[in-house]
Amino acid sequence: MNTLLIGSGGREHALAWKIAQSDRLGHLYAAPGNPGIATCAECVALDLSDHNLIIEFCRDKAIDLVVVGPEAPLVAGLADDLRDADIACFGASREAAQLEGSKAFTKEICDLKDIPTAGWARFNNAPKAKAYIRQVGAPIVVKADGLAAGKGVTVAETVEQASAAIDDCFEGVFGEAGAEVVIEEFLTGEEASFFCICDGKSAMPLAGAQDHKRVGEGDTGPNTGGMGAYSPAPVLTDEHIDVVMSRIVQPTLEGMAERGTPFMGVLYAGLMIGDEGPKLIEYNVRFGDPECQVLMMRLKSDLLPVLLAAAQGQLAECEPLQWSDDPALTVVMAAEGYPGAPKKGGEIAGLETLSDDSVMVFHAGTTEKGGRILANGGRVLNVTAIAESVGAAREKAYSAIDRIEWDDGFFRKDIAWRALKRGE
Ligand code: AMP
Ligand code: GLY
């Protein structure tokens, strides 16, 4: 099965590494890929905004399946255009990608299907939004409706903070994303993520994970794309997972199908686990990055046939996936300056001998020049390990990091502190 993988991050390196192990694989291409992906796929420099060019490439190379990693090409309708050209694609349609692209869209599905989530209201002007906040009080959560690069959410402890966040939205700080505001009840508990593969009708549960969004130790400082993750998420019990599947994921798939926009692809549920059980905070329509890296490390089954079955609406015919009981953990090495402007161009050495059966260094923002690996982005490497306990996986990952020579890199030294505090 010839496969084209779209993307260039650590998530896509992990997917390429996993897909490359499939007995069913013919040739694997990645566009644009990165130097890590190049060790398991042929990287091709396709312009991802030129859908006709991608279709032409797929026909020329007899591609049987396109797998889309990031959300941007999905939001731009790449999956729709490929399917219209009769090319199988694993990824959400533009319409279904609204589950990530619009908070109000997701909340409407939640209302329609009685999905457990925070109470909410939507506003298209500041005076009404502020009057509502004065009425319900703080703490309260203010969200720009659209995609705001992870910056559109304010968890406000006071009415004043909430009002300032409302002003930011309507004064255009988040551009079009802030034209509408969603105000949510503040939920308490511990956050976790759960991932499923969906084919429009049914969902195959994958596994849970927890990530560290803040740049600094102790979960402090600005938000990032994620500085580390581990799977499974100890806070998420089997009973919770049953609730997530029956009360959150399955009703969402029904709601999406009923409105004529069936959801196919990865459904990533951001959850708050509190006294009343799991509640949905948000959806993404792709694998988490770096959560995907730990999931791929734990997955024992062949992923490729499942992705194809999902793309063909035949997930019900697949056997459940097999997972290692051992936890996996990943530590993100980022470049100085991240999440602001990262320092680029520094040489990274010592990677050649690091990876084995239980340790993988997935590349994110790297580039290759004359045989040397250079930093070329904010999040640069994902040092990932699997072991009999979270603590042992963490030790493996940090001892691999010790052997990486890179002057401009930094990483958090407390990944998985929550899991370790629970005694996992
Ligand atoms: P979101 O982009 O919707 O995932 O929100 C980003 C982060 O804000 C989440 O990961 C939570 O930490 C926090 N958050 C969002 N919604 C709520 C809520 N209703 N109650 C408490 N925290 C929230
Ligand atoms: N690690 C969080 C995300 O991928 O959105």
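Residues numbered from 1 in each chain as written. Chains lettered and ligands numbered in written order. Predicted model: local features only at pLDDT ≥ 70, side-chain atom pairs only at ≥ 80, totals over all residues. Heavy atoms only, no water.

Draft legend 1. Structural view of the sheet that holds strand β21 (residues 372-375). Taken in spatial order, the 3 strands make up an open sheet running β18-β21-β20, and their pairing is antiparallel. The two strands at the open ends of the sheet, each matched to only one other strand, are β18 (347-348) and β20 (366-369). One ladder, built from 4 bridges, connects β20 with β21; its direction is antiparallel. Note on β21: the bridge partner recorded for Lys369 is Arg372. (Pairing = 2+ DSSP bridges. Helix = DSSP H or I, 4+ residues; strand = E, 2+ residues; numbered from the N terminus.)

Draft legend 2. Layout of the pairing of strand β7 (residues 140-144). Most of β7 is tucked away, with 5 of its 5 residues classed as buried. Bridge count for β7 against strand β8 (residues 153-156) is 4 bridges, and the pairing is antiparallel. For Lys143, the partnering residue across the bridge sits in β8 and is Val153. With 5 bridges joining them, β7 and strand β9 (residues 181-185) adopt antiparallel strand pairing. Among the inter-strand pairings, Lys143 is bridged to a residue of β9, identified as Val182. (Buried < 20%, exposed > 50% of the residue type's maximum accessible area, 1.4 Å probe, protein only.)

Draft legend 3. Broad picture of the site of ligand 2. Inspection of the region around ligand 2 gives Asp211, Gly225, Tyr268, Arg286, Gly288, Asp289, Pro290 and Glu291 as its neighbouring residues. Between ligand 2 and the protein, one listed contact pairs a nitrogen atom with a side-chain N or O atom of Asp211 at 3.0 Å. Within the side chain of Arg286, an N or O atom sits 3.0 Å from an oxygen atom of ligand 2. For ligand 2, the accessible surface in isolation is 200 Å², of which the surrounding protein chains cover 86%. Considering only residue class, the shell around ligand 2 consists of 2 nonpolar, 2 polar and 4 charged. (Near = heavy atom within 4 Å. Polar contact = N/O pair within 3.5 Å; in protein donor to acceptor, adjacent residues only side chain to side chain. Areas by Shrake-Rupley, 256 points an atom, 1.4 Å probe, with all protein chains shown as cover. Nonpolar A, V, L, I, M, F, W, Y, C, P; charged D, E, K, R; others polar.)

Draft legend 4. Geometry of a nonpolar patch on the surface. Together, Val153, Val155 and Phe186 make up a nonpolar patch on the protein surface, roughly 230 Å² of accessible area in all. Its place among the elements puts Val153 in strand β8. Relative accessible area serves as the criterion here: at 40%, Val153 is assigned to the partly exposed category. (Patch = residues over 30% accessible without salt bridge, like charges linked within 9 Å, V, L, I, M, F, W, Y side chains within 5 Å. Salt bridge = Lys/Arg side-chain N within 4 Å of Asp/Glu carboxyl O.)

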